[in-house]
Amino acid sequence: MRKNEEKGRNTGTDTAERNAVELFLEDVEAQIQYKPAARRISKELYGHLEDKTEEYKSEGLAEEEAMSCAVRDMGDAAALGVMMNDTHRVKLPWVFILSVVMAVLLGIAGNIAEYGSGDFSFEEKLFWIAGNSIYFPLGLLVFAAVLWKGYPWIVRYSNKVLVAAILLLSLMIVISELNYSALERWLGRIGFMATYMLSLPVIILTVPIMLVLAYKLRSCKTAGIIAIMCLFGIQFLSYSRTTGTVNFSYRLVAFAAFLISMIFMGVKKYFRISPQKAIPAIIIPGMLIAGLWGMENKEMLSDFSLQCFQPELHAKNAWDDSYNSILIRNLLPQAKLFGGLTLPEETLKDYYMADWYFDGKEDTEIPNRIYREEHWKYTSKKLTDILPQHYHNNYRIAYWILQYGWGPGIFLLLCVAAVYALMLKLILRIHNPMGKAISTACFICLAGQTVLYTAGNFGFQFGWFTAFPFISEGNVSIVMNMMLAGLIASSYSYDHAISEEEELKIFRPLRKKVTAAD
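About the criteria used
Residues numbered from 1 in each chain as written. Predicted model: local features only at pLDDT ≥ 70, side-chain atom pairs only at ≥ 80, totals over all residues. Heavy atoms only, no water. Helix = DSSP H or I, 4+ residues; strand = E, 2+ residues; numbered from the N terminus. Buried < 20%, exposed > 50% of the residue type's maximum accessible area, 1.4 Å probe, protein only. Areas by Shrake-Rupley, 256 points an atom, 1.4 Å probe, with all protein chains shown as cover. Phe/Tyr/Trp six-rings, centres within 6.5 Å; stacked < 30°, edge-to-face > 60°. Expected span 1.5 Å × (residues − 1). pLDDT = per-residue confidence, 0-100. Contact = heavy atoms within 4.5 Å. Core = buried A, V, L, I, M, F, W, Y, C linked by side-chain atoms within 4.5 Å. Patch = residues over 30% accessible without salt bridge, like charges linked within 9 Å, V, L, I, M, F, W, Y side chains within 5 Å. Salt bridge = Lys/Arg side-chain N within 4 Å of Asp/Glu carboxyl O. Axes fitted to C-alpha atoms, helices over the stretch in contact; angles between N-to-C directions. Parallel < 35°, antiparallel > 145°, perpendicular 65-115°, else oblique. Left-handed = near helix turned anticlockwise from the far one by under 90°. Nonpolar A, V, L, I, M, F, W, Y, C, P; charged D, E, K, R; others polar.

Undergrad: I'm lost on the overall build of the chain in this one. Help?
TA: When helices and strands are tallied, the chain shows 24 helices and 0 strands. When burial is assessed residue by residue, the chain has 50% of its 518 residues classed as buried. Per element, the accessible surface of the chain, about 25,000 Å² overall, is 64% carbon and sulfur.

Undergrad: Looking at this structure, I do not really get the packing of aromatic side chains. What am I missing?
TA: Each aromatic ring pair is specified by the distance between its two centres and by the angle formed by the two planes. Per the counting criterion, the structure on display carries 26 aromatic pairs. Both rings, one in phenylalanine 232 and one in phenylalanine 258, keep their centres 4.0 Å apart while their planes meet at 15°; by these two values the pair is stacked. Within this pair, whereas phenylalanine 232 is found in helix H11 (residues 222-238), its partner phenylalanine 258 is found in helix H12 (residues 248-267), the two being separated by 26 residues in sequence. Judged on exposure class, the residue phenylalanine 232 and its partner phenylalanine 258 are both buried. Between tyrosine 323 and tryptophan 356, the aromatic rings sit 6.2 Å apart at their centres with planes inclined by 50°, giving tilted as the arrangement.

Undergrad: Looking at this structure, I do not really get the environment of isoleucine 488. What am I missing?
TA: Within the secondary structure, isoleucine 488 is located in helix H23 (residues 476-493). The exposure class assigned to isoleucine 488 is buried, which follows from its relative accessible area of 0%. The spacing of isoleucine 488 and threonine 440 is 48 residues in sequence and 8.2 Å in space, taken between C-alpha atoms.

Undergrad: Please clarify how H12 should be interpreted in this entry.
TA: Counting along an α-helix, one turn takes 3.6 residues, and residues three or four places apart therefore face a common direction. When the terminal C-alpha atoms of H12 are compared, their 29 Å separation across 20 residues agrees well with the 28 Å that a helix rising 1.5 Å per residue should span. Across the 20 residues that make up H12, a large majority, 14, are buried. Phi for lysine 269, located one or two positions after H12, is positive at around 65°.

Undergrad: Please explain the confidence of the model for the chain as it appears in this structure.
TA: Low-pLDDT portions of the prediction should not be read for the details of their coordinates. With 77% of its residues at a pLDDT of 70 or more, the chain shows a mean pLDDT of 79. Within the model, the stretch residues 179-192 combines pLDDT values under 50 with 12 contacts to residues more than four positions away or in other chains. Within the model, the stretch residues 498-518 combines pLDDT values under 50 with 11 contacts to residues more than four positions away or in other chains.

Undergrad: I'm lost on the nonpolar core in this one. Help?
TA: A general trend in soluble globular proteins is that nonpolar side chains are found buried together. Core analysis: the biggest nonpolar cluster contains 120 residues, and Met262 and Phe470 have the highest contact counts within it. Once you skip the residues sitting within four places of it in the chain, phenylalanine 470 turns out to touch Val100, Ala103, Val104, Gly107, Phe136, Val419, Tyr420, Met423, Leu446, Asn481, Met482 and Ala485. Counting 15 residues, the second-largest nonpolar core is a separate cluster that includes Val21, Phe24, Met67 and Leu80.

Undergrad: In this structure, what is going on with helix H20 (residues 396-404)? I would like to understand it.
TA: Counting buried residues in H20 gives 7 out of 9 residues, a clear majority hidden from the surface. Packed against the buried residues of H20 are helix H6 (94-115), helix H15 (321-331), helix H19 (391-394), helix H21 (406-428) and helix H22 (433-457). Glycine 405 sits one or two positions beyond H20 and adopts a positive phi of about 110°.

Undergrad: Where do I start with a nonpolar patch on the surface in this structure?
TA: On the surface, Leu288, Leu292 and Met295 cluster together to form a nonpolar patch covering roughly 340 Å² of accessible area. Along the chain, leucine 288 falls in helix H13 (residues 275-296).

Undergrad: Mind showing me how you'd approach the pattern of salt bridges here?
TA: Pairs can form between side chains of opposite charge whenever their charged atoms are close. Enumeration according to the criterion identifies 8 salt bridges in this entry. Between glutamate 26 and arginine 218 there is a salt bridge, with the nearest N and O atoms lying 3.6 Å from each other. Within this pair, whereas glutamate 26 is found in helix H2 (residues 15-31), its partner arginine 218 is found in the loop between helix H10 (185-216) and H11, the two being separated by 192 residues in sequence. Glutamate 26 gets classed as partly exposed once you look at its relative accessible area, which sits at 37%. Of the charged contacts in the structure, one is a salt bridge between lysine 52 and glutamate 55, with a shortest N-O distance of 3.6 Å. Here glutamate 55 and lysine 52 lie together in helix H3 (residues 35-58), a separation of 3 residues that amounts to about one turn. When its relative accessible area of 31% is taken as the criterion, lysine 52 is described as partly exposed. Each of the salt bridges in this network shares a partner with another, and the network as a whole consists of Glu26, Asp27, Arg218 and Arg272.

Undergrad: What am I meant to see in unusual backbone geometry here?
TA: In most cases, non-glycine residues show a negative phi, while peptide bonds are predominantly trans. One non-glycine residue, lysine 221, lies in positive phi territory at about 60°. Judged by its relative accessible area of 40%, lysine 221 is partly exposed. A positive phi angle, near 75°, is found at phenylalanine 470, a position not held by glycine. Tracing the backbone through its elements, the reader meets phenylalanine 470 in the loop between H22 and H23. A relative accessible area of 6% means that phenylalanine 470 is categorised as buried.

Undergrad: Just to check I follow, could you spell out the packing of H6 against H21 for this structure?
TA: Relative orientation and spacing of two packed helices are given, respectively, by the angle between their axes and the distance between those axes. Where H6 meets H21, the closest approach of the two axes is 10 Å, and the angle between their N-to-C directions is 155°. Of the possible angle classes, the one that applies to H6 and H21 is roughly antiparallel. The interaxial crossing formed by H6 with H21 has left-handed handedness. Two secondary-structure elements touch here, H6 through Val95, Phe96, Ser99, Ala103 and Leu106 and H21 through Leu412, Cys415, Val419, Leu422, Met423 and Leu426. Of the residues in the contact of H6 with H21, the class split is 10 nonpolar, 1 polar and no charged.

Given below as C-alpha cells:
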C-alpha cells in the first residue's frame, strides 16, 4: 500500500478515505515551510496512517472506517504541522521588528515632549511621563512573546481561547448590567471602565481566532462557513450589551477585518468550494449581521455620521467631539511648515472661550464658560490650552502639526506608513493559507484603527477615537495592537524556515575568515 502512496492520493479509488488522508497531510504540509522536510514528514505520516489503518482492519473495521479512525488518532493536523515546523530554524523579519521598535520609541518620545512641557515640577512631569509610557515597554515584551510562539499557540489552542473569550464576554455583559442598574456611582464607574478595558481585546483578538476555526472547518464547505458566520454574529451583536458607543469604532474595525478576511479565504478557495458558492455564504450572513446592528444602533450611526461629515449641524458646546472636529479643521490650515503655531492673545482667548464659533451663545455650558472666564484672568494661556481634551493621545498627529509644523507631522505619517508597508510586504510573502488569513485580519485591524484615528485628526471623526497603533498611549490597546503585530511577524517567521543549505551560506564567510587566520 505504501509504494502506491502517490497513486492512491491522486486517483479516484477509495475516494472518501483518500480525501480524509489527503486533507490531513495537506494541513500538516502547509505548516512546514522547509519543503524538503515537509515532503519527508508527509511520507512518514502516510506510513503511520497505513500501519494504523491495518491495525483497525485487523480488528474487523471496514477500509473507510479504519482510515477515518487512523486519521482521528493522529490529532489536529495543523497543530501537528506547527510542532514539526518548530524543529527547523525560522527566519525573523528583522526589518519589520526594528520598525515596530522605532515606532514605539517615537511614541515614547512624543509622551516625553508633551508631558514634559507643562507647568509642573520635575517630579510631576516624571510621574506623568512614566505613568503614560509604562505600557510601551510592556507592549514590546508582549510583541516579542507573540513573535516567538504566537502563531503555533493560536493554532494549537484556538478552541480553548475562543471558549475563554466567550466566558469573558459573558462577564462583560454581567458587569454591564450592573453598570446600568441603580448602584452607587463609584461602582457604576468601576463597572464601566472594567467593561471597556475588557471589551477591546475580546472584540479585536477574537477575529484571528475565528479565522483559525474557519480554516479548520473548511472541509465542511458551505456548512462550515455558515456555522462560523453565525458564531461571529452572535458574539458581535452581544457587544451591544457592554459599553454601547464606547467600543463602536473597534466593533466596526473587527467586523470589516473578519468579513474581508473571510471573503479573501473564499476567493482563494480555502473552503474547498468555488468562490461562486463561498462568497454568497459569507456575504448574506454578513449583510444580515450588519443590518441587525444598524437597526439597533440607527440613532448612534446618524449622530456619528453628522459628527464626521457635518459637525456644524451637531456641535452643541465646546466639549463635544463635533466641536473638536470643527476646531481642528480651522486650526490646521494655519499651521506652519516648520515650527509651532503662534496666535495673538485676543485670538487665543476667542479659541479658549469658544467665542470664535459660538459667539458667546454657548447656553448649555454656562457653568463651564464661567469657569473658563475666571481661569483666563489668572493664568497665561498657550496653544495646548485651546486644543481638544485628551489631545495628547487622541490628536497626536494634529498636535505634531500644530506644535512642530507640517514637516514633522508628515514625517510622523510617513514613519507609520513605512511600518504598514513592511507589514503588508510580510503578508504577501506568506504562503501558508492559515497564516496568510490570520495575518490579513491582523493587518486590517491595525490599519482600520489607523485610518479612523488619522481621519479624526484631520477633523473627520467617526465614532469614538481608536488607538493610534504603536504611537499613542492607550494602555490595553497598546498591548492588544502589539499582539496583532506579533501575530503577523510570527506567521511570517513560521512560514520561512531556514534550510541547511541557507545556514551553510550564512556561516561560510565566517569559516573562510577562520581558515585564513589559521
